[in-house]
Amino acid sequence: MKILVTGGAGFIGSNFILYWMKRYSNDKIVNLDCLTYSGNLENLKEVANNKNYTFIKGKIEDPIIVDKATQGIDVVVHFAAESHVDRSIKKPAEFVLSNVVGTQVLLDAAVRHNIKKFHHVSTDEVFGSLELNNTNKFNERTNYSPRSPYAATKAASDHLVRSYFITYGLRITITNCSNNFGPYQFPEKMIPLAITNILEGKKVPVYGDGLYVRDWLYVKDHCRAIDLVLQKGKVGETYCVGGLTEDINNLAVVKKIIQILGKEESMIEFVKDRPGHDRKYAIDWSKIKNELDWEPLHSFDEWLEKTVEWYKTNESWWRRLKSKEYQEYYKEQYGDLD
Ligand code: NAD
Ligand code: DAU
């Protein structure tokens, strides 16, 4: 089988390629990625020379490159996107181009080349926000209600993907998953930002009152979920993927990290809130559990410890990313926090 992975140099895409090539070593992987600030080929150095792995540098909104990359492909797994909510608040246009136009260009090529399966990786953010005291969870029937430019572009891409199933018969599946964490996550997202700041002796910025709730999913559990959907998922269907069964707010997550690293809670700094900050996400993942027998392999605490350990032992990986461009972004986002 020959798989086109888009955005394979990013956090989840690179974990997926490493996962897939270990498990299905005869499959061929083509990685199409334009290497934005969050794309990093270093994540893939252990497969870079594998004869079954090819890298193409290019944008998914470029029809010529996409047409070339799609030739001879059996399955597309589509990760490529601008992914950070805070950046989408500052520069929404880039999100429309990559997440909406890029997805449409890719879908057109998939139809033209009779791709056997097109899997679209999406987010729980398309469902909007829950109140803290609301015990409901998002599921596959929840109405869309995106509230940030990032979430709006992901919602648009989901609608496009579904429309290509109905209109052109493209064999699609979609996963809407919650917040991933684990190795190779760019240190602008909360968990790697907290871990690496603490390791550098810097304060950890917590937005607003810190009582926001996310449903944390370890990245390898997410890769296993996509694998199962590709093998056994029903064409045309959506699967929600989450990691938790209880609410853990951001402050509690940061305190756990501080405790694992043996530091003081005085490292927490409450900072200005994100505009339009979604209060809570919670995923009901019973469909994928019941139909495909998926569930997280370990608890949040176990995966968090493993993650902290990974950043401790891979300091040179994240130190290089906290470069000049990162410092400029950090200053604009967090002011003089140190
Ligand atoms: P990431 O930002 O780490 O990686 C994105 C990758 O896509 C990068 O390698 C980047 O270079 C590439 N890319 C961006 N725009 C591109 C374009 N126009 N053409 C080609 N390549 C492009 O993101 P991630 O966290 O790995 O997320 C991957 C996917 O999963 C995204 O679609 C995101 O919406 C979705 N998702 C992420 C999370 C999460 O918690 N990280 C949760 C739910 C869904
Ligand atoms: O829910 C899935 C989504 O999770 C994905 O679709 C996105 O691609 C991914 O970036 C992530 O979005 P979030 O906005 O939830 O993730 P982030 O790590 O940016 O923030 C997690 C929570 O932590 C959120 O409530 C905001 C808060 N936060 C974040 C940062 C960066 C802070 O309190 N301080 C921070 O410095």
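Now for a look at the structure at hand. (Residues numbered from 1 in each chain as written. Chains lettered and ligands numbered in written order. Predicted model: local features only at pLDDT ≥ 70, side-chain atom pairs only at ≥ 80, totals over all residues. Heavy atoms only, no water.)

### Topic: the site of ligand 2
Line of reasoning, step 1. Every one of the 24 residues lining ligand 2 counts as a neighbour, but D124, Y150, N179, R274 and Y334 are closest to it.
Line of reasoning, step 2. Here an oxygen atom of ligand 2 and a side-chain polar atom of N179 are 2.7 Å apart.
Line of reasoning, step 3. Across the complex, the protein chains shield 95% of the 690 Å² of accessible surface that ligand 2 would expose by itself.
Line of reasoning, step 4. Elements supplying a minimum of two residues to the shell around ligand 2: α3 (85-90), α6 (190-199) and β8 (204-207).
Line of reasoning, step 5. Considering every element that reaches the shell around ligand 2, the biggest residue donor is β8, with three residues.
Line of reasoning, step 6. Partitioned by chemical class, the residues of the shell around ligand 2 number ten nonpolar, seven polar and seven charged. (Near = heavy atom within 4 Å. Polar contact = N/O pair within 3.5 Å; in protein donor to acceptor, adjacent residues only side chain to side chain. Areas by Shrake-Rupley, 256 points an atom, 1.4 Å probe, with all protein chains shown as cover. Helix = DSSP H or I, 4+ residues; strand = E, 2+ residues; numbered from the N terminus. Nonpolar A, V, L, I, M, F, W, Y, C, P; charged D, E, K, R; others polar.)

### Observations concerning the sheet that holds strand β11 (residues 238-241)
Line of reasoning, step 1. Strand order in the open sheet made by the seven strands is β3-β2-β1-β4-β5-β6-β11, with parallel pairing throughout. In the strand order of this sheet, the two ends are held by β3 (53-57) and β11, each with one partner. Mean inter-strand twist for the sheet, computed between neighbouring axes without regard to direction, equals 20°.
Line of reasoning, step 2. Pairing of strand β2 (residues 28-33) with β3, which is carried by five bridges, proceeds in the parallel orientation. (Pairing = 2+ DSSP bridges. Axes fitted to C-alpha atoms, helices over the stretch in contact; angles between N-to-C directions.)

### Section: a nonpolar patch on the surface
Line of reasoning, step 1. A grouping of V96, L97 and V101 is seen on the molecular surface, where their side chains present a nonpolar patch of about 210 Å² in accessible area.
Line of reasoning, step 2. When you line up the elements, V96 lands in helix α4 (residues 92-112). (Patch = residues over 30% accessible without salt bridge, like charges linked within 9 Å, V, L, I, M, F, W, Y side chains within 5 Å. Salt bridge = Lys/Arg side-chain N within 4 Å of Asp/Glu carboxyl O.)

### A short note on the site of ligand 1
Line of reasoning, step 1. Near ligand 1, the surroundings consist of 29 residues, among which D33, F79, S83, Y150 and K154 are the closest.
Line of reasoning, step 2. Separating an oxygen atom of ligand 1 from a side-chain N or O atom of D33 is a distance of 2.5 Å.
Line of reasoning, step 3. One nitrogen or oxygen atom from the side chain of S83 is found 2.7 Å from an oxygen atom belonging to ligand 1.
Line of reasoning, step 4. Within the complex, 96% of the 830 Å² of free accessible area of ligand 1 lies under protein.
Line of reasoning, step 5. Sorting the residues of the shell around ligand 1 by element identifies α1 (11-23), β5 (117-123) and α5 (149-168) as the ones contributing at least two each.
Line of reasoning, step 6. When residues of the shell around ligand 1 are assigned to their parent elements, the largest contribution, three residues, is made by β5.

Any functional reading would require information that these geometric values do not contain.
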